[in-house]
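# Architecture and fold: a report
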Amino acid sequence: MSTPTARKHTALPKAQTLIEALPWLTRHRGKTVVIKFGGNAMVDEELKAAFAQDVVFLHHAGLRPVVVHGGGPQISKALDRHGIVSEFKAGLRVTTEDAMDVVRMVLAGQVQRELVGLLNQHGPLAVGLTGEDAHTITATKHQPRIEGELVDIGRVGQITEIDTGAIEALLADGRIPVVSSIARSQDDGHVYNVNADTAAAALAAALDAETLMVLTDVEGLYEDWPHSDEVISRLTATELEKLLPELASGMVPKMEGCLHAVRNGVETARVIDGRVQHSILLEIFTDEGIGTMVVPDEKSDKKPDEKSGEKSAKKGES
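Residues numbered from 1 in each chain as written. Predicted model: local features only at pLDDT ≥ 70, side-chain atom pairs only at ≥ 80, totals over all residues. Heavy atoms only, no water.

### Overview of the confidence of the model for the protein
Segments scoring low in pLDDT should not have their predicted coordinates read at a detailed level. Counting all residues, the mean pLDDT for the protein is 85, and 88% of those residues have values of 70 or more. Note that residues 301-318 has pLDDT below 50 and, in this model, 52 contacts with residues that lie over four places away or in other chains. (pLDDT = per-residue confidence, 0-100. Contact = heavy atoms within 4.5 Å.)

### Points about empty space enclosed by the protein
Applying the stated rule across the entire model yields two cavities of 30 Å³ or more. Quantified by volume, the largest cavity comes out at close to 60 Å³. In this structure, the largest cavity is lined by A41, L47, A50, F51, D54, L215, G274, V276, Q277, H278, S279 and I280. When residues of the lining of the largest cavity are traced back to their parent elements, those giving at least two are α2 (45-60) and α9 (279-285). The element that contributes the greatest number of residues to the lining of the largest cavity is α2, accounting for four residues. Taken together, the residues of the lining of the largest cavity break down into seven nonpolar, four polar and one charged. Taken as a whole, the second largest cavity spans an internal volume of roughly 40 Å³. Broken down by element, the lining of the second largest cavity gets its largest block of residues, four residues, from helix α4 (residues 97-119). A class-by-class count of the residues in the lining of the second largest cavity yields five nonpolar, one polar and two charged. (1 Å grid on protein atoms, 1.4 Å probe; cavity = no way out; pocket = protein on both sides within 12 Å on 5 of 7 lines; lining within 4 Å. Points joined across faces, edges and corners; volume = space filled by probe spheres on them. Helix = DSSP H or I, 4+ residues; strand = E, 2+ residues; numbered from the N terminus. Nonpolar A, V, L, I, M, F, W, Y, C, P; charged D, E, K, R; others polar.)

### As for unusual backbone geometry
With a phi close to 60°, H135 is a non-glycine residue in the positive phi region. Of note, H135 is situated in the loop between β5 (126-130) and β6 (137-141). In this model, D208 sits at a positive phi of 55°, which is unusual for a non-glycine residue. Note that D208 resides in the loop between α6 (196-206) and β13 (211-216). D208 gets classed as exposed once you look at its relative accessible area, which sits at 57%. (Buried < 20%, exposed > 50% of the residue type's maximum accessible area, 1.4 Å probe, protein only.)

The structure is reproduced here in structure tokens:
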């Protein structure tokens, strides 16, 4: 049988962890945080549950989380079932009219519903919407340039306008908005498939969010991949812009999103490893942090949530 002293010693690390979080709780209280949900965190049951716990924790800690999601793995499976070939150009999914119907069904009818359900296991908190609702996200047809030529990739949208009214109303009502990355068309009455990283960044800027967090399947931005697995813990917007041409295609939308966010009023943008349970809490509420943080060029004075630039480069899986 344990003694009272032994019980106190066992509980002490928990108290120390809570105390460590206190400065971050104070700093972030009342601030909007936009979180892009993706990668393995979307398909692993334990990671999904941990993600939901993290978001609800942020809410109860006084922050205002907004979740934005895509659904790449689920869309690919659904397209296979419908006999539609998945094709990518310039890092974006080619979205035909038939594929768009499937994308819309999967994002709004499957992925969003599941995520809202996970969050609402902790109370009547989450409300789902797509970019179509209340004109939240408006887009025009996006044609990427490949080898100097514009390429038609179907119903893929380029965001032209954000209306935050519905999201702000939900936040004011104490809810957690969960936004699917589908946009209404500005000019032809259709809908568009929008890259979720891009949508999250645009929403973060329009909401004047304090932080954009992008979950992915790597530790962060690697300094010299594939020659090294050293992770860059912190860099400025200009430093990131110089690196963009060298990045793998899958990281480009994420890092372009981070760049857009910090150049449009967001204080920090972070790419974190969604394969790590509770990575959101580790990033926001601990001294060490996890992943890569992007800050505006003018943010030369170190603020507390920059963890004094002391996040060390980490090693791990590729």
